[in-house]
Amino acid sequence: MPAVESVPAVEPVPPVKKDRRLLRATLRWVAAVAVFGVVGTGTAYGITRLDRTDVPGLATHSDGRWTYPVLVKPPLPSGSPGPNDDARNLAGTHYADLRKLVLPAPRGATADALLKGTDGWLPTKDFLAEFASADDRKELGQTLLDRGLRHIAARGWTTPDGTRTRIYLLQFDTAAVAETILNGKLMSQAAPTYALRDGDQFELDGKFPDPARIEHVLLAPYTELKPYGARQARQAYLASGDTVGVIIQSRKGGMPAVPFEQTVTLQSELLD
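The structure displayed is predicted, hence computed values, not measured ones.

Trainee: Please clarify how the packing of aromatic side chains should be interpreted in this entry.
Mentor: Each aromatic ring pair is summarised here by two numbers: the centre-to-centre distance and the angle between the ring planes. The full count for this structure, using the stated rule, is seven aromatic pairs. Judged by centre distance (6.2 Å) and plane angle (75°), the rings of Tyr68 and Trp157 are edge-to-face. Highlighted residues: Tyr68 in the loop between β1 (44-45) and β2 (71-72) and Trp157 in strand β4 (residues 151-158), separated in sequence by 89 residues. As far as burial versus exposure is concerned, Tyr68 and Trp157 are alike and both buried. Look at Phe208 and Phe260: their rings are 6.3 Å apart centre to centre, the planes differ by 85°, and that puts the pair in the edge-to-face class.

The following block contains the structure:
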């Protein structure tokens, strides 16, 4: 795997009327990761857009990957642009139903009924329950309210090996707001801002494979440091258009990299 090169720092950008390209550059600097494009088109996701031999988790059945259904993006309303069409969609709006953009559970997994929400929308308090500190939950909750959080779509499951997965998609009014939340609130330097209930100390995952990164999707993956107790957690924060994604996985005895990378990549594709 090629080494991840650091990206030079850029000048801070103003809090209003942010240029989306500058926001993306700032995020790459703060997270110390580089975003690499993956070439390909088509509507069947997780199968056609990536070389299965290039991405751990999408390679062979023996490498620990999960079997997901073929993923197809929901259709856009007629004439509506995609979220990363900067020429026609300056706000970065996801015009597709956000609930249909949440990654489905893999084969054999048991769905987490607590994340179904009402009509597919999850209350903010249920998302905030992922964080360990009451003060953090209060602070983040107020930030989401102040920044005009529109809805949260979520899904969770547990696989037969005991791996627990939770995915949250938080939609805001514009891409600028979503990227500010990701860059300025959820991440601090090269570590998450808020401690999880399901994990302690985290560091940026420098082994996350470059080909698994999706163009236009800002990504910061983290892995929990030893000693991590009975369970190890991995988490990823990402942003595409007006939406922030939070992915958390944990497993007793250690959380493997392959299903984490696979899950993050496929969810990123759906949001791109």
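Moving on, there is more to tell.
Trainee: Mind showing me how you'd approach the pairing of strand β11 (residues 243-252) here?
Mentor: Taken residue by residue, a regular strand's side chains alternate between the two faces of the sheet. Among the ten residues that make up β11, eight are buried, leaving the element largely enclosed by the rest of the structure. Two elements, strand β5 (residues 164-171) and β11, share eight bridges in a ladder whose sense is antiparallel. What sits directly across from Ile167, in β11, is Ile247. Two elements, strand β10 (residues 231-240) and β11, share ten bridges in a ladder whose sense is antiparallel. Bridge pairing links Arg234 to Gln249 in β11. Where β10 folds back onto β11 in an antiparallel hairpin, the turn is made up of two residues, including Gly241, whose phi is positive at roughly 60°.

Trainee: Is there a simple way to think about the pattern of salt bridges in this case?
Mentor: Any two side chains of opposite charge can pair, so long as their charged atoms come close to each other. What the rule picks out here adds up to nine salt bridges. For the salt bridge of Arg164 with Asp112, the shortest nitrogen-to-oxygen distance reads 3.6 Å. In this pair, Arg164 sits in strand β5 while Asp112 sits in the loop between β3 (110-111) and α2 (124-128), placing the two residues 52 residues apart along the sequence. Among the residues examined, Arg164 registers a relative accessible area of 34% and is labelled partly exposed. Looking at Asp112, the relative accessible area reads 15%, which means it is buried. With its nearest N and O atoms 3.8 Å apart, the salt bridge here joins Arg213 to Asp210. Pair check on accessibility: Arg213 and Asp210 agree, each one buried. Taken together, the shared-partner salt bridges connect Glu130, Arg166 and Asp198 into one network.

Trainee: I tried to follow helix α4 (residues 175-186) on my own but got confused; where do I start?
Mentor: Helical periodicity: at 3.6 residues per turn, an α-helix aligns residues three or four positions apart in one direction. Relative to the 16 Å expected for twelve residues at 1.5 Å per residue, α4 spans 15 Å between its end C-alpha atoms, a close match to the ideal helical length. Of all twelve residues making up α4, nine are buried, and the element is well covered by its neighbours. Looking at α4, one finds that the buried residues are Ala175, Val177, Ala178, Glu179, Thr180, Ile181, Leu182, Asn183 and Leu186.

Trainee: What is the right way to look at the sheet that holds β3 in this model?
Mentor: Sheets are built from strands paired through backbone hydrogen bonds, the pairs being either parallel or antiparallel. If you trace the seven strands from one edge of the open sheet to the other, you get β3-β4-β5-β11-β10-β9-β8, paired in antiparallel fashion. With partners counted over all chains shown, the strands left at the sheet margins are β3 and β8 (202-204), one partner each. When strand β9 (residues 218-224) meets β10, the two strands line up antiparallel, connected through six bridges. Residue pairing in the sheet places Pro221 in a bridge with Ala236 of β10.

About the thresholds
Residues numbered from 1 in each chain as written. Predicted model: local features only at pLDDT ≥ 70, side-chain atom pairs only at ≥ 80, totals over all residues. Heavy atoms only, no water. Phe/Tyr/Trp six-rings, centres within 6.5 Å; stacked < 30°, edge-to-face > 60°. Helix = DSSP H or I, 4+ residues; strand = E, 2+ residues; numbered from the N terminus. Buried < 20%, exposed > 50% of the residue type's maximum accessible area, 1.4 Å probe, protein only. Pairing = 2+ DSSP bridges. Salt bridge = Lys/Arg side-chain N within 4 Å of Asp/Glu carboxyl O. Expected span 1.5 Å × (residues − 1).

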